[in-house]
Amino acid sequence: MADENVQSLVIGDVEIVRVVEWQGPFAPTRVLVPGCGPEVWQGRREELVPDHWEPDSDHVVAALQTWVVRSAGRTVLVDTGVGNGRERPSNPLFHRRQGDLPGRLERVGVRPEDVDVVVNTHIHADHVGWNTHDVDGEWAPTFPNARYLLPAADDAHFGPAGGYGGGVRPDDRLTYEDSVAPVHRAGSATLWDGEHRIDDHLTLESAPGHTPGSAVLRVASRGERAVFVGDLLHSPVQVLHPECSSCFCLDPRQAVASRRRVLERAIDQGELVIPAHFGGAGGVEVRRENGTFALGRWAGRSGPASTSGRPARY
Ligand SMILES: [Zn+2]
């Protein structure tokens, strides 16, 4: 039976499995994407309901999730969700959350010790949470054999050197202390800057703006391509209106420039765009239409997990 919390797709020799931690109405549209007015949502109602917009409450529907990427014989996780038992007083959805992401990973054949590489596209609470878990009251790496790849600019900004994000949001310090510092202490962190090649198919690249170190992960194999864009996009309306940044973008102007650059290239090179928080299928083709960006074909809908047969080809 298909698991609604799992979707899979294939890019050349790379297999990608989406494992959802939580999904639902996340925040009011005017709060999450303040630049996009109600006419934008109404005008695209058919494309946005139900996976990306709940019209009755006017909430953005979003997912918190991780992506399992099987590439060159190794298992890579892209972002690690919110985690369990975190003190996040400014976010009721994240605060002291208890979920079963490790169980869901295990059901697609990924035990903690199987993970070789963890990619954090940036250091926000919903991208680094399962980096660690509680072991006898101490936070320790959840994936004991993994190398954790962290953007150096985010580590500097959100770590002690940057006053934990300049002290703007108290949760940033808590996040760094429970989800990033323990990875450093275990000697499992690698900081990178600019560009970082993981293997023949996977390359990390800086795309700052949402945070100083925000990254995209490019996938290329046998002529097929995808790009994990992290929080460059929170909703498909930002593909249609790339000038609209989210309320969480620390440098909105830089975020717009990175969003446009990455989307232009995705079109030119035929990359499937896979944002961190889209509901539904999780990824979408982007096209040019009348001088702007348009939504193309969505990635495969709910399909079998990799352990129960050949995953759906994107
Ligand atoms: Zn996020």
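Residues numbered from 1 in each chain as written. Predicted model: local features only at pLDDT ≥ 70, side-chain atom pairs only at ≥ 80, totals over all residues. Heavy atoms only, no water.

**Student:** Is there a simple way to explain the state of the cysteines in this structure?
**Tutor:** By definition, a disulfide links two cysteine residues through a covalent bond between their sulfur atoms. The full count for this structure, using the stated rule, is zero disulfides. Free cysteine: Cys36, not disulfide-bonded; nearest cysteine sulfur from Cys244 at 3.0 Å. Using a relative accessible area of 4% as the deciding quantity, one classes Cys36 as buried. (Disulfide = S-S within 2.5 Å. Buried < 20%, exposed > 50% of the residue type's maximum accessible area, 1.4 Å probe, protein only.)

**Student:** I would appreciate a short explanation of the layout of surface pockets in the present structure.
**Tutor:** Gaps left between atoms are located by rolling a probe of water-molecule size over the structure's atoms. The calculated volume of the largest pocket comes to roughly 290 Å³. The wall of the largest pocket is formed by 20 residues, among which Asn91, Phe94, Asp126, Arg169 and Phe248 lie closest to the centre. Listing elements by their share of the lining of the largest pocket, those giving two or more residues are strand 4 (59-71), helix 5 (125-128) and helix 8 (170-185). (1 Å grid on protein atoms, 1.4 Å probe; cavity = no way out; pocket = protein on both sides within 12 Å on 5 of 7 lines; lining within 4 Å. Points joined across faces, edges and corners; volume = space filled by probe spheres on them. Helix = DSSP H or I, 4+ residues; strand = E, 2+ residues; numbered from the N terminus.)

**Student:** Just checking my understanding: could you explain the coordination of the zinc ion for this structure?
**Tutor:** Expected angles at a metal are 109.5 degrees for tetrahedral coordination by four donors and either 90 or 180 degrees for octahedral coordination by six donors. Taken together, Asp126 (OD), His127 (NE2), Asp231 (OD) and His277 (NE2) make up the protein donors of the zinc ion, found 2.1 to 2.3 Å from the metal. For the zinc ion, the four donor atoms in the first shell make angles of 83 to 163° at the metal, so the coordination geometry reads as irregular. One chain supplies every donor for the zinc ion, spaced along it as D-H-x103-D-x45-H. Placement of His127 in helix 5 and of Asp231 in the loop between strand 14 (224-230) and helix 9 (237-240) is noted, with a sequence separation of 104 residues between them. (Donors = N, O, S within 2.8 Å, 3.2 Å for Na, K, Ca; no water. Tetrahedral: all angles 85-135°; square planar, octahedral: opposite > 155°, others 65-115°.)

**Student:** Just checking my understanding: could you explain the pairing of strand 9 (residues 147-151) for this structure?
**Tutor:** Of all five residues making up strand 9, four are buried, and the element is well covered by its neighbours. Here strand 6 (residues 117-119) pairs with strand 9 via three bridges, running parallel. Among the inter-strand pairings, Val117 is bridged to a residue of strand 9, identified as Arg147. Bridging between strand 9 and strand 10 (residues 189-192) involves four bridges; their strand directions are parallel. Across the sheet, Leu149 pairs through a bridge with Thr190, a residue of strand 10. (Pairing = 2+ DSSP bridges.)

**Student:** Would you explain helix 8 in this entry?
**Tutor:** Helical periodicity: at 3.6 residues per turn, an α-helix aligns residues three or four positions apart in one direction. Its 16 residues place the ends of helix 8 22 Å apart at the C-alpha level, agreeing with the 22 Å of an ideal helix rising 1.5 Å per residue. At Glu177, helix 8 is deflected by roughly 35°, the largest bend along its length. Among the residues of helix 8, those classed as buried are Asp171, Asp172, Thr175, Tyr176, Asp178, Ser179, Val180, Ala181, Pro182 and Val183. After helix 8 finishes, the residue Gly187 shows a positive phi value of roughly 75°. (Expected span 1.5 Å × (residues − 1). Bend = angle between axes of the 7 residues up to and from the residue.)

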